[in-house]
Amino acid sequence: MTTHFQIEARKLVLSSRYQARKTPGQMPLAELADTIAAQGLLQNLVVTKGKKRGVFEVVAGGRRLRAIQMLLADGRWAQNQTVWVELVDNDHALEASITENVKREDMHPADEFDAFAALVGQGSCIEDVAARFGVAPNVVKRRLRLAGVAPELIQAYRDKQMSLDVLMAFTVCEDQDRQRDLWQGLDAWDRKDPGTIRRRLAAETVTAAHALARFVGLEAYHEAGGKSFEDLFAQDDGQSTYLQDTKLLQTLALDKLQAAAAPIREEGWAWVDVQPTTDRLWDNFGRVRAQQGKLTKAQAAQVKALTKKIDAISVRMDALAQEDGDDDDEWLRLEEEHDSLSEEREAISNNAQIWPATAKELGGVGICIGSDGAVRVERGLIDPKDRKQFIKANETAIANGEDGIASSLPAAVTRPTHSERLVRQLTANKVGIVAADLAGKPDIALAVMVAQLARNVLGWGYFAYGNYGLGISVKQEAISQHAPDFEASKAGIELAKYRQHWLDTLPLDEDGQLSEAILDWALTQDTASLLDLLAYLLAVSVQGVQHQESDSPTALDRLATITGVDIAQWWKPTADSYLAHVSKDQISGAVAQALGPDQAQPIAKQKKIEAAASAEQLLAGKGWLPTILQVKVETVAS
């Protein structure tokens, strides 16, 4: 008899008493850990009670356990993360281990998607399927969502033409035709980017985090018949719900804004403009400044009391900032209260403002939705077309002995010399003329290109984004962010030398940064010097960081084949660079590959730290590389 239950993963250890599998599986642990992190644990671990109280020994699922331990160690799983296990008694533990490892062949994840969908199609509810396989209901929902992706795309996933993260991205749209069309239209680079796929599929939707959605509210949207869609794989809760009926959302927002505008229309302004958008619609309008009216005794007393509370909260927040301790929640609560009281105090002052009669006769009010999803009201707006009339009215008031109205006037409206269409036509001709001329001056073209790319790579701040009219730039991989050991490596030191050489050679400003004189410098150089600099600038644009292991050749492999680089001359398998980050079985496997099984046998008897140190010495100078670092040659069909 077996029992299913959940237990914290950290309370599980690999059984040495009841373990049938002695040879490790083929799937790399890092890839298995990534799969579990993305999909959850697809199958329960089989455990038996351990010798130590509260600890359970895993008798079937040892590799899954080691992958889970990797997730706990690198922080991708919380220390209190639980997993589903199947408990067997000690008498049947070895039998259970044999059954799992001999009679079961792992399913491809896509097969499991289809299997879950088939069960639900046969009448099983999600909760029943979850209970049957010992997983959370949300795990089943995710599998069903993946099963709903176009069959051609699931096949591409089976054929390793797309990663699981990319397949997940396609679930934000239920229209399989749109999924197919998008996949066919993507270039090789975008096919690897889940973010690009999500954005394109969700282009006609907004998320629950959008200001319009926050203003209307999900409940009101759904009550009005609006449809929404959950991205079950989103990392941010605010971005997981997609509202599909944007026209309905706009209508609901306008209706709600009109209700908020009703009392403002009674204030006597010349016009009130209501727009269900967060755009900065009135940036080119002028502004009338209100006069601060005198507060009533009750209002003054209220402001005084609020100020006292605000000051006390500020003192407490300052004290917390100086203390060592886990008081973040308290500090955030105080900050929220401080902001709320400050808004209340500001509202009292705003309500006491006095708007001159002339301002209301000509000025207006803009009402829209702020980026925070709240109503935004801008009083005292002056439309640019009313500029002259406002100036005249203000001059008349002053001539009659009245105070002038404090304001910032909109810019005077002037008629452009040329129409927008003609401007485009003439400037397009200008682009073509400069291009035709440049095509016949390769020396200048090379100099300008090198100067512009040098700004991208070696420039700082806004200067790095500047250009000389060419539509080219350099995209760089964040190598050190992904590989903390790179800067101290042979290749890292070599690239740093190149960078310093060019910084010592190129013109710098008084702050030691690349200067505008870079273009003049480039125009005076010979072709050989420019090509030397261009080689470095292109070198730092090399792309190819992967997030999942793959056996397929990449564009980076093709470039490496072209250059003929010998990676073993640049990278050595040391404890820090590789050996300490893999299992002892993989350490032994590396030595066996390089030196033969006999040399690897002693490593199996050592502790991991000792095994890594021994392997580092044995592999020194042997040119061994892990598969992922080897240059893969693309085969050409005959």
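Residues numbered from 1 in each chain as written. Predicted model: local features only at pLDDT ≥ 70, side-chain atom pairs only at ≥ 80, totals over all residues. Heavy atoms only, no water.

1. Overview of the overall build of the protein
Turning to step 1, where the next piece is worked out: When you go through the protein residue by residue, the secondary structure sums to 27 helices and 15 strands.
Turning to step 2, where the next piece is worked out: When its C-alpha atoms are laid out on the principal axes, the protein stretches across 105 × 75 × 55 Å.
Turning to step 3, where the next piece is worked out: By the burial criterion, 34% of the 638 residues in the protein qualify as buried.
Turning to step 4, where the next piece is worked out: Counted over contacts in the protein with a minimum sequence separation of 6, partners at least 24 positions apart contribute 69%. (Helix = DSSP H or I, 4+ residues; strand = E, 2+ residues; numbered from the N terminus. Buried < 20%, exposed > 50% of the residue type's maximum accessible area, 1.4 Å probe, protein only. Contact = heavy atoms within 4.5 Å.)

2. Some points on the sheet that holds strand 7 (residues 228–230)
Turning to step 1, where the next piece is worked out: Taken in spatial order, the 3 strands make up an open sheet running 6-8-7, and their pairing is antiparallel. At either margin of the open sheet sits one strand with a lone partner, and together these are strand 6 (206–207) and strand 7.
Turning to step 2, where the next piece is worked out: Alignment of strand 7 against strand 8 (residues 241–243), held across 3 bridges, turns out to be antiparallel. Paired with Ser 228 across the strands is Leu 243, a residue of strand 8. (Pairing = 2+ DSSP bridges.)

3. Details of the pattern of salt bridges
Turning to step 1, where the next piece is worked out: For the structure on display, the rule yields 14 salt bridges.
Turning to step 2, where the next piece is worked out: Residues Lys 441 and Asp 437 are paired through a salt bridge, measuring 3.0 Å at the closest nitrogen-oxygen approach.
Turning to step 3, where the next piece is worked out: On the accessibility criterion, Lys 441 (34% relative accessible area) is partly exposed.
Turning to step 4, where the next piece is worked out: For Asp 437, a relative accessible area of 42% corresponds to the partly exposed category.
Turning to step 5, where the next piece is worked out: Salt bridges linked by common partners bring Glu 152, Asp 177 and Arg 180 together as one network. (Salt bridge = Lys/Arg side-chain N within 4 Å of Asp/Glu carboxyl O.)

4. A look at the sheet that holds strand 5 (residues 82–87)
Turning to step 1, where the next piece is worked out: Here 5 strands make up an open sheet; going across it, the order is 1-5-3-4-2 and the pairing mixed. Two strands close off the open sheet at either side, each with one partner strand: strand 1 (3–8) and strand 2 (12–14). Strand after strand, the sheet turns through a mean of 50 degrees between neighbouring axes, direction not considered.
Turning to step 2, where the next piece is worked out: Bridge count between strand 2 and strand 4 (residues 56–60): 3 bridges; the pairing is parallel. Bridging from a neighbouring strand, Val 13 pairs with Glu 57 of strand 4.
Turning to step 3, where the next piece is worked out: With respect to the sheet, helix 2 (residues 62–73) is in contact with strand 2, strand 3 (45–49), strand 4 and strand 5, its orientation differing from that of strand 2 by roughly 125 degrees. (Axes fitted to C-alpha atoms, helices over the stretch in contact; angles between N-to-C directions.)

5. Some remarks on the confidence of the model for the protein
Turning to step 1, where the next piece is worked out: Looking at the protein as a whole, its pLDDT mean stands at 83, while 90% of the residues score no less than 70.
Turning to step 2, where the next piece is worked out: The spread of mean pLDDT over the elements of the protein runs between helix 3 (residues 90–103), the lowest at 57, and helix 22 (residues 518–523), the highest at 95. (pLDDT = per-residue confidence, 0-100.)

6. A word on unusual backbone geometry
Turning to step 1, where the next piece is worked out: With a phi angle near 65 degrees, Lys 160 is a residue other than glycine that sits in the positive phi range.
Turning to step 2, where the next piece is worked out: Residue placement: Lys 160 occurs in the loop between helix 7 (151–158) and helix 8 (164–169).

7. So, the nonpolar core
Turning to step 1, where the next piece is worked out: Core analysis: the largest hydrophobic core is formed by 29 residues, its most contacted members being Phe 113, Met 162, Leu 167, Phe 170, Trp 183 and Ile 197.
Turning to step 2, where the next piece is worked out: At the level of secondary structure, the elements contributing two or more residues to this core comprise helix 4 (109–121), helix 6 (137–147), helix 7, helix 8, helix 9 (176–185) and helix 10 (194–201).
Turning to step 3, where the next piece is worked out: By residue number, the principal contributor to this core is helix 8, which donates 5 residues.
Turning to step 4, where the next piece is worked out: Ignoring anything within four residues of it in the chain, the contact list for Trp 183 reads Leu 153, Ala 156, Gln 161, Met 162, Val 166, Phe 170 and Arg 191.
Turning to step 5, where the next piece is worked out: With 28 residues, the next largest nonpolar core counts Val 206, Tyr 221, Leu 252 and Ile 367 among its residues. (Core = buried A, V, L, I, M, F, W, Y, C linked by side-chain atoms within 4.5 Å.)

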